[in-house]
Structures are given as structure tokens and as C-alpha cells.
Amino acid sequence: MIEEDQDLIDQSPPPPDPNPNPNPTIHPRRVSFEHGLLPIQKLVFADPIQTLAPVKQKLADAASNNRVGSGAIADALQISGDHARLVLETLGSVLHSEGDPLVGAKPEEVESVGADLRDLVLFLYIQSYKKLLPRTHKDSAAVADVWPSTSAFDGYLSALSPIQANLFIFLSSLNCQCPFIGELWVRLVYRLKSNSRQLALLWVFQFCFFFSLCFLFFFFLIILQLVRSNSRRFMPSQADDEAHQLSYLQKHLANIISLLAEPVEGEGEESLVLSMEAFEHLGFLVQFGDKGSDISPLSQATPFFANSDPDMPAVPVPASQVAPSDRGPCLIEGVSKTSLVKQASDLRGRSVKVVNCHDSVIYLLAPLRYATVHGCSDTTIVLGAVGKALRVEHCERVHVIAAAKRVCIANCRECVFFLGVNQRPLIVGDNHKLQVAPYNTYYSHLEEHMSEVGVEATINKWDKPLALGAVDPHDSLSHPAGVADAQAESAACVDPDQFINFLIPNWFNGEEIGSTKDNPFPLPDPYMAAQQRNLKNLEETRQSLRETPLEENRKKELSSALHVYFKDWLYASGNIRQLYCLQGD
């Protein structure tokens, strides 16, 4: 059953044509835009070229071997040391060149290694990028509304239930009328109190009046629901995103090239030349070639650098010549009320997107580069090892279990994250009731996959989330005045007494069993103590039940009661889905 579901759901790009087009196509490098944007207001420039030109010069003066550390970044951009460190870590997670020292740097080496000045300038430039507006689905009534549209009431209404919010809006609209209606009613009763017939008619009028109010109230709820259903936001397709990113690059390419170029000595700023080495850094933003094909050096895919002497500076590159994507991500979309399993043979070394999945359990037990979870609800998602970055956005009541180098959480509600993460989890946007907890599972190939993508089990910063702005400056939505300066709501730690391990069924039959026998991330002392305490209580309860003398019919009654309580707990906690997976195994 699970294998059939996978065949239906897997929307990965098809394998490359055996006879590819000899003229390679151009694609934007999506990971830079999807995982490389930071909601730090001081990094969003109204005019990037005017702002970054002096910043580049200041960074160049402080650079050593053309590399800069967080101190120089903080000074040049007037940001805090923590934010400068975040810039380095984020840049390292999205760099195009695996050979760059920052990619493989250990946490204690990041500052000394620093970033290449040209990569840093490109990274800072695209912080001005505005994401594509979410589109309305053509059949919005059939799409689950897991996240309401942004409005001026979000700061207050987000804490209310839908009925409470609708009642608040309705009563607010009557606020100016109610005092007048009440006063009029008192005066009428006083004047007619001596006439019983007219008073009776007045009471009938009162009943009809309030009945009409109730009717209007429910009519208002229906209209509001229809308006909301027709304005649901739906994630843009990959083709839409890519076209939007490509348009941005075409518009800004001349400015970007001018920042990479250097003036010819003695000829002033007007004569700029671009060396082949500097040109290669455009690979941070673009790539040539068809999806799924091997990536060749950027300079060799263009006529002005192909077979040229790498030591010879070149004339400025025409903007019309550039603008490219690595192997497309595996798309898992629309999984509902089922379980889905993908292993290393399906996903090894790839990126994955989980989109609009509901009431399901999804296992992606593979070494991954990037992962995105968007618009999911009431779902448990287990990710193997994510070597670059994981982003979870616009989700509701989702449990995410992941071993990753970097995690970003945006605009989520009532979600729990069980993390083994090497960098501080980044929390941005409008979030509510988030919880974080230490990593709580394992499968036999987990440590092998972590080693393959560079996730370290000795470093886990799950309990040190970094909350930035409540509004993402990279989206194209308008926001109420003053909201842009608000701080995002951070995440609370799961109570150690509520922490439980998650069991992954054994789906590796027929494959070589890996070496992982337990959770590779050490549990903090309070969580370890709570687990030991729970195990002790369980054993004592078992012992007590074994030693209690009961008649056979009482034993059956006790067994039946325990089963009922256990079943209620399974449904209340959502663990019933995991039980279905175990039964399927």
C-alpha cells in the first residue's frame, strides 16, 4: 500500500533526456533564494548598488586574502555580532562551491575562516529580493485552509479561535449602535408600562429584533467564511518561482556584475573588467545546464571565457549573456491520511520539498542537501540528515523530527520540533505556540547519513532558538504600520515529563543494516532523568499488576480499562498514526 502511494505521490523531475539539448538552458540557483534570505532589516537595501559599493570597499580594506570575518561584517553593516555570525553561517549553508573553506568549517573555525568577499557581496545583494506573492488556488474550496491571510487584526485575532475572532469583529461593528438601542428600549418600556396590550406587542418586537440580530450574525459568519475561502494563499509552483527569480536576476545583473568587477588601474571607475575567477562566483546565483545534468564550470559555458587564459582579465560581461539550477528537488505534495516512506536510494544527495500534506506520517530517511516543509498540518515529518538547511513555513500542528546543520522556522502555529541541529534554530515571522525538544529517534543508517552530509552529533543547539522579526521583509505583502519592528515569538522547550521517543519501523529489509543502535545526540540531563523516571514507574506498575491477586473476571475488566485509556491517549496525542505505520510493517 505504501509503495503504491509513493508511485502516485512522487512528483520528482523526470530523468534527463539521453540526448540533451546541445544549447544548455539558464536557471536561477534556487537554494540561494529559498534558504539564503535573512529577515534582518539592516540587510535589506532600498538601492543595493548604491549601498553595497561603499560597504564592499570597507570590507575589502578589512579583508585578509580576500576573506572577511564576522567582526568586519558587523562593523561594515552596523549589525550585532550575533547577526554577523548568522550571516556567515547562512552563507556557508548555501554556497555553490563545495571547495570553499566556509562550507566545511567547524563551528569554532567559522570566524577564522571567514567568507570570500565576492560571495558575501552577492549574498548581501539578494537580501533585497522580494518573494513571489502566493496565488489563489483555482479551486480554493477544496484546499485545506491551514494558515489565514495576513490582515491588520493578526496581532490580536491570532490568539483567538475562529468563532471568537468572528464574534469580536461582529460585535465591534455594532459597538456604536448598541448604547442607542438599549436607551431607546428603556424609554419605550417606561412609556407603555400602563398599556399591557402595547407592552406585549413591544415584547414581540423585542423578540423579532434580537432574532434578526442572530440571523445577521450567522449570515455574517457565512459571508466571512466564503471571503476567506476565496482568498486562501497557495504556494506558487516551482516554475512560477523560477521565472520570478530569473526576472529578478535579469533586472539586477548589470549591477551585480559591476560589484564583482574591478576598475582598470589608472583608468578610473568607468573602465571595469571582470576576471574569470570573479565570474565563477556568479555560480552562487545562476547555473547553466539542464536539470539533472552534470554542472560544469560557469566560465566554460559562456563564449567570452571558454578556452581562455584564466590569468587574463576580461572586458565587462554583457548582462544579456547571463542568468542558471542544480538537480531539481523531489516534490512530495498532497499526501493525506496515509504514510509515505522514502529512503536513501530514492533521495540520496538531493533536495526535497514537502508541500500541503495533512493528517499523515512522512519518513524521508536519507542524506539530503536541502529540505523545505510548506503548508502542512496535523502531520509528523521525519527527516534523515539535512546537510545544508531545513526550512519549515506556514505549517499548523506539525511535528518535525530532523537532524540538520541549520533550521529556519517561519509563520508556524502549534508545531513541535525535535531537533539535532548544529546551528541555532532561526525563528522568523508570525509564529504562535511553538515548542522545541531534543532529537528523539534513530534508524540504522542515521549516523552514516549524518557523516555523509556533515551533521555533527556532538553539537546540538536545539534549545537556543534565535527569534528575529515578526515580518519577513522579503515577502511582497503589505503589513500594518509598526508591525515590521516587532519581535517574532520564540519557542518554548517541551517539558521533560512530556518528552517521548519516536520509534521508526524497520523498512530496511533486504538492505544492509547500518551501525546506528541508539539516538546519536546525547539527551540533556533533565530529559534523561525524566525518561529513566518514566521507565521506573512503568516497571513498578507492571510489577504491581503482576503481584495483585485478582479474580479472572476482574483481570479482564482491568485489561479492558487499560486498553480504553491507551486508545484514548493514542488518539489525543496523534500517536495513532505511528501505530498504523507499525502495523503496516
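The name given to the protein in an unreviewed UniProt entry is TBCC domain-containing protein 1, with the source organism recorded as Brassica campestris. As stated in UniProt under Sequence similarities (unreviewed entry), the record for the protein gives "Belongs to the TBCC family."

Novice: Tell me about the overall build of the protein, and please be specific about residues and values.
Specialist: Secondary structure summary: the protein contains 18 helices and 20 strands in total. When each of the 585 residues of the protein is scored for burial, the buried share is 46%. Accessible surface, the protein as shown: approximately 30,200 Å² in total, 56% of it carbon and sulfur.

Novice: Which residues make up the environment of Ala371, and what values do they have?
Specialist: Residue placement: Ala371 occurs in strand 12 (residues 361-374). Since its relative accessible area comes to 0%, Ala371 is described here as buried. Considering only alpha carbons, one finds Ala371 and Lys388, 17 residues apart in sequence, at a separation of 8.5 Å. The contacts of Ala371, once residues within four sequence positions are left out, are His35, Val352, Leu383, Val386, Ala389, Leu390 and Arg391.

Novice: So what's going on with the packing of aromatic side chains? Residues and values would help.
Specialist: A complete count under the given rule lists eight aromatic pairs for this structure. Summarising the aromatic geometry, the rings of Trp462 and Tyr527 are spaced 5.6 Å apart at their centres and angled 85° between planes, so their arrangement reads as edge-to-face. One end of the pair, Trp462, is in the loop between helix 15 (446-453) and strand 19 (466-467); the other, Tyr527, is in helix 16 (residues 525-547), and 65 residues separate them in sequence. A residue is classified by how much of its surface remains accessible, and Trp462, at 5% relative accessible area, is buried. On the basis of relative accessibility, which here comes to 5%, the residue Tyr527 falls in the buried class. These aromatic residues form a ring-pair network of at least three members: Phe418, Trp462, Phe499 and Tyr527.

Novice: Talk me through the pattern of salt bridges; I want residue IDs and the actual numbers.
Specialist: All told, the structure shown has 18 salt bridges when counted by the stated rule. The shortest N-O distance in the salt bridge between Glu98 and Lys388 comes to 3.4 Å. Residue Glu98 is classed as partly exposed on the basis of its relative accessible area of 47%. Of the residues examined, Lys388 reaches a relative accessible area of 7% and is grouped as buried. The partner of Glu456 in a salt bridge is Lys106, and the shortest N-O contact between them spans 3.7 Å. Owing to a relative accessible area of 24%, Glu456 belongs among the partly exposed residues under this scheme.

Novice: Help me get a handle on the packing of helix 3 (residues 48-62) against helix 12 (residues 238-260), residues and values and all.
Specialist: Here helix 3 crosses helix 12 at 10°, and the two axes come no closer than 11 Å. Judged by the angle between their axes, helix 3 and helix 12 are roughly parallel. Contacts from Ile49, Leu52, Ala53 and Lys56 of helix 3 reach helix 12 at Asn255, Ser258, Leu259 and Leu260. Grouping the constituent residues of the contact of helix 3 with helix 12 by class yields five nonpolar, two polar and one charged.

Novice: Tell me about a nonpolar patch on the surface, and please be specific about residues and values.
Specialist: Taken together, Leu545, Leu550, Leu558 and Leu562 make up a surface patch of nonpolar side chains, about 300 Å² in accessible area. Note that Leu550 resides in the loop between helix 16 and helix 17 (552-573). What makes Leu550 partly exposed here is its relative accessible area of 32%.

Novice: Give a detailed account of helix 5 (residues 81-94), specifying residues and quantitative values.
Specialist: Taking 1.5 Å per residue as the helical rise, helix 5 with its 14 residues ought to reach 20 Å, and the 20 Å between its terminal C-alpha atoms agrees with that figure. Within helix 5, 10 of the 14 residues are buried, which leaves the element mostly enclosed by the surrounding structure. Inspection of helix 5 places Ala84, Leu86, Val87, Leu88, Glu89, Thr90, Leu91, Gly92, Ser93 and Val94 among the buried residues, and these make up the whole buried set.

Novice: Any chance you could break down helix 12 for me, citing the residues and the numbers?
Specialist: With 23 residues, helix 12 should cover 33 Å at 1.5 Å per step; its first-to-last C-alpha distance of 29 Å lies more than 12% under that length. Along helix 12, the sharpest kink reaches roughly 60°, centred on His252.

Novice: Run through unusual backbone geometry, naming residues and quoting values.
Specialist: A positive phi angle, close to 50°, is found at Asp378, a residue other than glycine. With respect to the secondary-structure elements, Asp378 resides in the loop between strand 12 and strand 13 (380-393). Even without a glycine there, the phi angle at Lys433 is positive, about 55°. In this fold, Lys433 is placed in the loop between strand 17 (426-428) and strand 18 (434-438).

Novice: Please give an account of the confidence of the model for the protein that cites residues and values.
Specialist: Scored by pLDDT, the protein comes out at a mean of 76, with 65% of its residues at no less than 70. Confidence drops under pLDDT 50 across residues 14-22; counting only partners more than four residues distant or on other chains, this segment forms four contacts. Contacts for the low-pLDDT stretch residues 316-322, under 50 throughout, to residues beyond four places or in other chains number 18 contacts.

Novice: So what's going on with the packing of helix 7 (residues 117-125) against helix 12? Residues and values would help.
Specialist: Close contact between helix 7 and helix 12 brings their axes to 11 Å; oriented N to C, the two are set at 145°. Remark: the crossing between helix 7 and helix 12 carries right-handed chirality. Together, Arg118, Val121, Leu122 and Tyr125 of helix 7 and Tyr248, His252, Asn255, Ile256, Leu259 and Leu260 of helix 12 make up the contact between the two elements. Residue classes in the contact of helix 7 with helix 12 are distributed as seven nonpolar, two polar and one charged.

Reading guide: rules and limits
- Residues numbered from 1 in each chain as written.
- Predicted model: local features only at pLDDT ≥ 70, side-chain atom pairs only at ≥ 80, totals over all residues.
- Heavy atoms only, no water.
- UniProt positions renumbered as here; feature names shortened; annotations may be inferred.
- Helix = DSSP H or I, 4+ residues; strand = E, 2+ residues; numbered from the N terminus.
- Buried < 20%, exposed > 50% of the residue type's maximum accessible area, 1.4 Å probe, protein only.
- Areas by Shrake-Rupley, 256 points an atom, 1.4 Å probe, with all protein chains shown as cover.
- Contact = heavy atoms within 4.5 Å.
- Phe/Tyr/Trp six-rings, centres within 6.5 Å; stacked < 30°, edge-to-face > 60°.
- Salt bridge = Lys/Arg side-chain N within 4 Å of Asp/Glu carboxyl O.
- Axes fitted to C-alpha atoms, helices over the stretch in contact; angles between N-to-C directions.
- Parallel < 35°, antiparallel > 145°, perpendicular 65-115°, else oblique.
- Nonpolar A, V, L, I, M, F, W, Y, C, P; charged D, E, K, R; others polar.
- Patch = residues over 30% accessible without salt bridge, like charges linked within 9 Å, V, L, I, M, F, W, Y side chains within 5 Å.
- Expected span 1.5 Å × (residues − 1).
- Bend = angle between axes of the 7 residues up to and from the residue.
- pLDDT = per-residue confidence, 0-100.
- Left-handed = near helix turned anticlockwise from the far one by under 90°.

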